[in-house]
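This is what each chain is made of:
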Amino acid sequence: MQAPEPRFVAKTTRDRIGRIWAPVLIDGKGPFRLVLDTGANHSAVIPSTAAALGSPGAATATVVTGFTGSAVVPTISVDRMEVGDLLLGPTTLPVVADVFGGAQGVLGNEGLAGKRILADFSHDRLEISTSHGEPAHVGFSVVRLKVVEGGLLLADVKVGGIHCKAIIDTGAQGTVGNLPLKDALMRHPPRDAKRAQIEGVTLDVQTGENVPAPEIEMGGLTISGVHIIFGDMYLFQHWHMTDKPVLLLGMDLLGSFDVLIVDYRMRELQIRLDRSSL
């Protein structure tokens, strides 16, 4: 009989919340600071970026689906987008509202198939390279991923003992749960639940309940200290994820690790804890 694998406890902290910014060249200009968003199936820019590219907005429009709603927005056409080993184009970019806290748009997942993303938070380093199937190094925990339609990354996790699907979303600042997960966890809702508002790229605002979460188990790790915003969010409906427990893991949790690697070829999330938490 094999001995059980060791489990570590990582307590999330609030001093490193923030999305991953990628320096992206667009038609040779920039680099522009785009939020690396594994939950978005298409890249987009804000109006000032479109203006800097010499394209204030084309006559054509497209429908953009955000976390809290959908909207019709103008588009611009670009020939080339590049960062690291990632090269996109020609492509059409939606022009969305400036809700990214200083970033100049979104780098979606449309070109990430076969790529390896390394975010080293302790050294403020981001690498986007071609995956060569490199296994996780010593000290890393591995979470198996499934890539579904639209490039969405799903993992199997447990929240307070409840099995659920988890969306790995580097574009989300907070961790959000759907109503079936809330119902499974909270037969007796906590009294310290607070109302929270989420605003998406479409400027629609939805409200949920921000509550302390029980332990989250993933990849042999047990993570505590997380807050989850529960609500009937528009994007859960769009993804048809309203009948079973689903958790969206945002950067409040993902950014608490020391190193985060998303390997699309290996279909793995490789994570290393902050050394101080071991």
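Description of the structure in this document. (Residues numbered from 1 in each chain as written. Predicted model: local features only at pLDDT ≥ 70, side-chain atom pairs only at ≥ 80, totals over all residues. Heavy atoms only, no water.)

Looking at the overall build of the protein chain
A count of helical and extended segments in the protein chain gives four helices and 25 strands. In the protein chain, the proportion of contacts linking residues at least 24 apart, taken out of those at least 6 apart, comes to 68%. As displayed, the protein chain offers around 13500 Å² of accessible surface, 50% of which is attributable to carbon and sulfur atoms. (Helix = DSSP H or I, 4+ residues; strand = E, 2+ residues; numbered from the N terminus. Contact = heavy atoms within 4.5 Å. Areas by Shrake-Rupley, 256 points an atom, 1.4 Å probe, with all protein chains shown as cover.)

Section: the pairing of strand β23 (residues 246-249)
Within a regular strand, side chains alternate between the sheet's two faces. Neither face of β23 is exposed, since Val246 and Leu248 on one face and Leu247 and Leu249 on the opposite face are all buried. With four bridges joining them, strand β16 (residues 162-168) and β23 adopt parallel strand pairing. For Ile168, the partnering residue across the bridge sits in β23 and is Leu249. (Buried < 20%, exposed > 50% of the residue type's maximum accessible area, 1.4 Å probe, protein only. Pairing = 2+ DSSP bridges.)

Here's the deal with the environment of Gly54
Within the element layout of this structure, Gly54 appears in the loop between α1 (47-52) and β5 (61-65). A relative accessible area of 57% means that Gly54 is categorised as exposed. Separated by 22 residues in the primary sequence, Gly54 and Ile76 place their C-alpha atoms 9.6 Å from one another.

As for the pairing of strand β21 (residues 221-224)
Because side chains alternate across β21, one face comprises the buried residues Leu221 and Ile223, and the other comprises Thr222 and Ser224, equally buried. Pairing of strand β20 (residues 216-218) with β21, which is carried by three bridges, proceeds in the antiparallel orientation. Bridge pairing in β21 links Ile216 to Ile223. Following β20, the chain reverses through two residues before pairing antiparallel with β21; Gly219 in that reversal takes a positive phi of roughly 55°.

Thoughts on the sheet that holds strand β2 (residues 21-26)
The strand order across the open sheet formed by six strands is β4-β10-β3-β2-β7-β8, and the pairing between neighbours is mixed. Strand pairing shows two members of the sheet lacking a second neighbour, β4 (44-45) and β8 (86-88), which therefore form its edges.

Observations regarding the sheet that holds β5
Here three strands make up an open sheet; going across it, the order is β5-β6-β9 and the pairing antiparallel. Of all strands in the sheet, those with a lone pairing partner are β5 and β9 (91-94), marking the two edges. Pairs of neighbouring strands in the sheet enclose a mean axial angle of 50°, with direction left out of account. Note that β5 and strand β6 (residues 70-78) share five bridges and pair antiparallel. By the bridge assignment for β6, Thr65 is matched with Ser70. (Axes fitted to C-alpha atoms, helices over the stretch in contact; angles between N-to-C directions.)

A few points about the environment of Val259
With respect to the helices, strands and loops of the structure, Val259 is situated in strand β24 (residues 259-263). Overall, Val259 belongs to the buried group, its relative accessible area being 5%. For the pair Val259 and Arg272, spaced 13 residues apart in sequence, the C-alpha separation works out to 5.1 Å. The residues contacting Val259, other than those within four sequence positions of it, are Leu118, Ala119, Asp120, Phe140, Gln270, Ile271 and Arg272.

Description of the packing of aromatic side chains
Within this structure, the stated rule accounts for one aromatic pair. Ring centres of Phe67 and Phe236 lie 5.8 Å apart, and the angle between their planes is 70°; this geometry places the pair in the edge-to-face category. Of this pair, Phe67 sits in the loop between β5 and β6 while Phe236 sits in helix α3 (residues 234-238), and the two are 169 residues apart along the sequence. Comparing Phe67 with Phe236, the two get one shared label, buried. (Phe/Tyr/Trp six-rings, centres within 6.5 Å; stacked < 30°, edge-to-face > 60°.)

Notes on the pattern of salt bridges
Following the criterion strictly, the structure yields nine salt bridges and no others. A salt bridge links Arg80 to Glu82, with the shortest nitrogen-to-oxygen separation between them at 2.9 Å. According to the relative accessible area criterion, Arg80 is partly exposed, its value standing at 39%. Look at Glu82 and you get partly exposed, because its relative accessible area is 26%. The salt bridge partner of Glu134 is Arg116, with a shortest N-O separation of 3.9 Å. Of this pair, Glu134 sits in the loop between β12 (125-130) and β13 (141-144) while Arg116 is found in strand β11 (residues 115-120), placing the two residues 18 residues apart along the sequence. Judged by its relative accessible area of 30%, Glu134 falls in the partly exposed class. Judged by its relative accessible area of 10%, Arg116 falls in the buried class. (Salt bridge = Lys/Arg side-chain N within 4 Å of Asp/Glu carboxyl O.)

Let's talk about the nonpolar core
In terms of nonpolar packing, the biggest core is built from 56 residues, with Met81, Leu107, Met218, Leu253, Phe257 and Leu269 touching the most fellow members. Counting residues per element, this core draws most heavily on strand β15 (residues 153-159), which supplies four residues. In this view, Met218 contacts Val143, Val157, Ile223, Leu249, Leu253, Leu269 and Ile271; residues no more than four positions away in its chain are not counted. One finds Phe67, Ala172, Trp239 and Leu248 within the second-largest nonpolar core, a separate group that totals 16 residues. (Core = buried A, V, L, I, M, F, W, Y, C linked by side-chain atoms within 4.5 Å.)

As far as function goes, none of this settles anything; it's purely spatial.
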